[in-house]
Each structure stands twice: as C-alpha cells, then as structure tokens.
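Notes for the structure review
Listed below, chain by chain, are the residues.
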Amino acid sequence: MSEILTTQKFFDGQILHGPTEIHLHEGCIHKLTRYDGVPEFSLVAPGFLDLQMNGFESIDVSDCSIDDLIALDQSLLSHGTTHWLATVITAPLDRLEERITFLDEVCRSGLVGGLLGIHIEGPFLGQAPGAHRTDWIVPIDMTWMSRLPESVQLVTIAPEQPLAIEATELLTQRGIAVSMGHSKPSISEIESMVTAGASMVTHLFNGMSGVHHRENGLALRALVDSRITTGLIADMSHVSPDAVALAFAAKGEQGVCLVSDTVAWDSERAKRRGIQIVDGSPQLVDGTLAGSCTPLSQCVQKSVQIAGVGLEDVLRAATTTPSNVIRRPVISQVCEGAAINLLAMNDALCVVGAWRALVSHRA
C-alpha cells in the first residue's frame, strides 16, 4: 500500500508542525516533507490509545466473542482509536480469570489489530466502589495475581487494600502498570503505593476522595504529585469543563491521560442492570455513573472546544502519555521508518480518517 496524506497541521506525538506531506508505503511512514499546496486534512496525529475501554454500543469486552472484538476494533478505528486495552471490571475471581484467559488468547492471536492488552479494574477496590458490585469486591489474592498473563498491561488497585504494596511490587516487577482507584486512602497509603511503583490514578475525581483545602484526598494528591499520571474521562459528564482545565493546568505537559471508559450501554447485560443514558452518560437506576458512551475522539474534541485546553496538550494526553504509562512509547511516535499509526481530523476536530499498518478507515 502506498498513499500520500497532506495536512495543514501535523502532530508528531510531542509537538505540532505546520503543513506536512506524509508518504505511506508498505505499512510504514516512508517520508515526511513540508507541503505548500491545499491540504486534504486539517490535522494528522498519532492514533489515539485508550487504556480504559470496557466496550461500545452493544459489544461488552467482558461478555463477547472474538468476532465481536474484531467488529469492536473496527468501530473504534473509525473513531480514531487505533489501539486500546480491553478493560474488565469487578466480578467473582473465577469468572474474571476465565475472561482474562480468553482475552489473553485473543491478544496473542493478533486477530484484533488494535488490542494491545488488558486492564483489570477490580475486584481489589476500596471505599469508593461507584458502579462496581460491592459484594464482589474482595481482598487481594496474591496467588491469583501471580497467575496473570503477560497481556495484562494495567491493574487498578485501591491503596487501602491490606496487600496493596505487595501486589504493586509484584506487578511492577513484571512490567505491569498499577493505577490507584475506587479508593479513599490515607496520605501514607498513597505514598506507600507510589513508592512501591504505582504510577497512575484511574479516572481522576471519579471513584476517589476528592479535592478539599483541608483534607488529603486521592484526587488532590494526584494533582500535585508529578510521579502520578491522572486518567481522565473528559466527556463533560463525569468531570466538568473547569475540572478538566484544572487537571491539565496542574499536571503539565504529560501528566494527563485521557480515557473514554466507554461501556456497552446498549447490550442485554446493561439493560438487565437497568442502565440508561441520562444527561449524556450511562447511569444505574439510582443515578450512579456506569461508564461512558463518549469515544476518546470526542473527549479530545470537548477538552479543546469546551474546556479550553490547548490542542497540543490534549493530543499528547490521548497518544504519548498513555503510551508511556504502559511502556510502549513507540506506538505514538510518528517519524520516518515508523509503523503507520495515524488519524486525520477536520477543522471541527472530528475524525475523518485513520490508518493502522495496512488497515485504514475514511469517513
């Protein structure tokens, strides 16, 4: 495959450049040159990487076939998400292990081009369960944890769990990123977790103790600690525009990691739980937020257009920062000789094309 993309603005994973001509050949970026004509696209950037993706529309990664995952991957690609982690949430350990084994086999098969690995969000959570079933939240099982396959890339743990430090050390020694979430920990528990290797918080402001001028909340600590990357659902339902702007202002160039936290809101499983879309987000019957229905591309768009965050910072939060969290920086590096991983947007920041190796999608 050979193709030439022309764009008014080009983001290479770190900074924005001016008009650029991008030559694609046989799955790689062959050449990058200045372009002086009328470009086809307003912006070309690395494809988005979503570290927290539970499903979309009717497909739930916790309860679907490999054909469903292939279809899901193509749907995500059309929205500019070229790579993603299949996120599984709190469930009984035996059922969760069975699903992780299935997803690991799918990852190793290579049949789902954008699936990089697995994010386990629960059941080792704490005092802020959110939509997670509290009867399934359990103490950390180190034997269970030690059996996790290599495709697991990220695990969310509550710092107040008794074995949180031991689990964090075990996981980070294996190269698995650890995030703190669904938690109301003490400041000493947070510090111990970070010292042990935890590097992220799961969906900042949601499912955690917050920001108060006299209290030590997890959200507050994450905002001021440069060692902690903040996952952020910028759908403007989970977090207000001002809170999105605050996160970016506090965390600097590479401290925010945008995630979608999308769920299969239209699946039979969601319907059985009574999940409905209310005010732009899936909610349980009691009003508890139960994930999102906003793809990562729209989180990018809203962060710029509604929260007023700079385009360069927002693009970095959906590409380079998540790549760094899971220690896969090459995914979001755009340079000559790199594998193709690109998306294109128009002036309104709507995705109009995406390219991943030999797979492409145009709106």
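Notes on the structure follow. This structure is a prediction, so every number in the text was calculated from the model and none was measured.

With that settled, the discussion passes to the overall build of the protein. Check the secondary structure of the protein and you find eleven helices and 20 strands. On C-alpha atoms alone, the protein measures out to a radius of gyration of 20 Å, which is about the 21 Å that the 2.2 N^0.38 rule sets for 363 residues. The C-alpha extent of the protein, read off along each of the three principal axes, is 60 × 45 × 40 Å. Expressed as a percentage of its 363 residues, the buried residues of the protein come to 56%. Taking the contacts inside the protein whose residues are at least 6 apart along the sequence as the reference set, 68% of them involve residues at least 24 apart.

This part takes up helix H1 (residues 66-78). Its 13 residues place the ends of H1 19 Å apart at the C-alpha level, agreeing with the 18 Å of an ideal helix rising 1.5 Å per residue. Taken residue by residue, H1 has Leu69, Leu72, Asp73, Leu76 and Leu77 as its buried positions. Taken end-on, H1 shows its buried residues confined to a sector of 140 degrees, consistent with a single buried face. Positive phi appears at glycine 80, one or two residues downstream of H1, with a value of about 90 degrees.

A few words now on the pairing of strand S14 (residues 229-232). Taking every second residue as pointing to the same face, both faces of S14 are buried, with Thr229 and Gly231 on one and Thr230 and Leu232 on the other. Where strand S13 (residues 200-201) meets S14, two bridges bridge the pair, whose relative direction is parallel. Bridged to methionine 200 within S14 is threonine 229. The handedness of the S13 to S14 crossover, carried by helix H6 (residues 218-224), is right-handed.

Time to look at the environment of leucine 85. Mapped onto the fold, leucine 85 is located in strand S9 (residues 81-89). A relative accessible area of 0% places leucine 85 in the buried class.

This brings us to the nonpolar core. Ranked by internal contacts, the top residues of the largest apolar core, which has 76 residues, are Trp84, Ile120, Ile157 and Leu258. Discounting residues that sit within four places of it in the chain, leucine 258 has contacts with Leu49, Leu232, Ala234, Phe248, Leu296, Cys299, Val300, Ser303, Val314 and Ala317. In terms of nonpolar packing, the next biggest core, distinct from the first, is built from 13 residues, Leu49, Leu85, Cys257 and Val325 among them.

Further remarks concern the pattern of salt bridges. Evaluated as defined, the whole model comprises 13 salt bridges. When the shortest N-O distance is used, the salt bridge between aspartate 225 and arginine 221 registers 3.6 Å. Among the salt bridges present, the one from lysine 271 reaches aspartate 266, with a minimum N-O distance of 3.9 Å. By relative accessible area, lysine 271 is classed as partly exposed at 45%. Relative accessible area serves as the criterion here: at 41%, aspartate 266 is assigned to the partly exposed category. One connected set of salt bridges, linked through shared partners, spans Glu191, Arg221, Asp225 and Arg227.

Bringing the side chain of histidine 83 into the picture now. Following the sequence through the fold, histidine 83 ends up in strand S9. Within polar-contact distance, the side chain of histidine 83 engages the side chain of threonine 82 at 3.2 Å. Setting aside residues up to four positions removed in sequence, histidine 83 forms contacts with Phe48, Leu49, Asp50, Gly113, Gly114, Leu116, Ile331, Asn341 and Arg356.

Bringing the packing of helix H4 (residues 164-173) against helix H5 (residues 187-196) into the picture now. Two numbers describe how H4 lies on H5: the axes approach to 8 Å, and their chain directions differ by 20 degrees. On the basis of their axis angle, the class for H4 and H5 is roughly parallel. In this structure, H4 meets H5 at a crossing whose hand is right-handed. Of H5, the residues touching H4 (which contributes Ala164, Ile165, Thr168, Glu169 and Thr172) are Ser192, Met193 and Ala196. Looking at side-chain class alone, the contact of H4 with H5 contains four nonpolar, three polar and one charged residues.

Next up on the list: the pairing of strand S5 (residues 41-46). One face of the sheet, then the other: side chains in a regular strand alternate in exactly this way. Within S5, six of the six residues are buried, which leaves it mostly tucked inside the rest of the structure. One ladder, built from three bridges, connects strand S1 (residues 2-11) with S5; its direction is parallel. When the bridges of S5 are listed, threonine 7 appears paired with phenylalanine 41. By the bridge criterion, four bridges tie S5 to strand S18 (residues 341-345) in an arrangement that is antiparallel. The partner of alanine 45 across the bridge, within S18, is leucine 343.

The next thing to look at is the packing of helix H9 (residues 296-305) against helix H10 (residues 311-318). Interhelical geometry of H9 versus H10 gives an angle of 155 degrees and a closest axis separation of 9 Å. Comparing the axis directions of H9 and H10 gives the class roughly antiparallel. In the packing of H9 onto H10, the handedness of the crossing is right-handed. For the pair H9 and H10, the contacting residues are Leu296, Val300, Ser303 and Val304 in the first and Leu311, Val314, Leu315 and Ala318 in the second. Per-class residue counts for the contact of H9 with H10 are seven nonpolar, one polar and no charged.

What counts and what doesn't
- Residues numbered from 1 in each chain as written.
- Predicted model: local features only at pLDDT ≥ 70, side-chain atom pairs only at ≥ 80, totals over all residues.
- Heavy atoms only, no water.
- Helix = DSSP H or I, 4+ residues; strand = E, 2+ residues; numbered from the N terminus.
- Rg over C-alpha atoms; globule rule 2.2 N^0.38 Å.
- Buried < 20%, exposed > 50% of the residue type's maximum accessible area, 1.4 Å probe, protein only.
- Contact = heavy atoms within 4.5 Å.
- Expected span 1.5 Å × (residues − 1).
- Arc of directions from axis to C-beta.
- Pairing = 2+ DSSP bridges.
- Right-handed = clockwise from strand over helix to strand, strands pointing away.
- Core = buried A, V, L, I, M, F, W, Y, C linked by side-chain atoms within 4.5 Å.
- Salt bridge = Lys/Arg side-chain N within 4 Å of Asp/Glu carboxyl O.
- Polar contact = N/O pair within 3.5 Å; in protein donor to acceptor, adjacent residues only side chain to side chain.
- Axes fitted to C-alpha atoms, helices over the stretch in contact; angles between N-to-C directions.
- Parallel < 35°, antiparallel > 145°, perpendicular 65-115°, else oblique.
- Left-handed = near helix turned anticlockwise from the far one by under 90°.
- Nonpolar A, V, L, I, M, F, W, Y, C, P; charged D, E, K, R; others polar.

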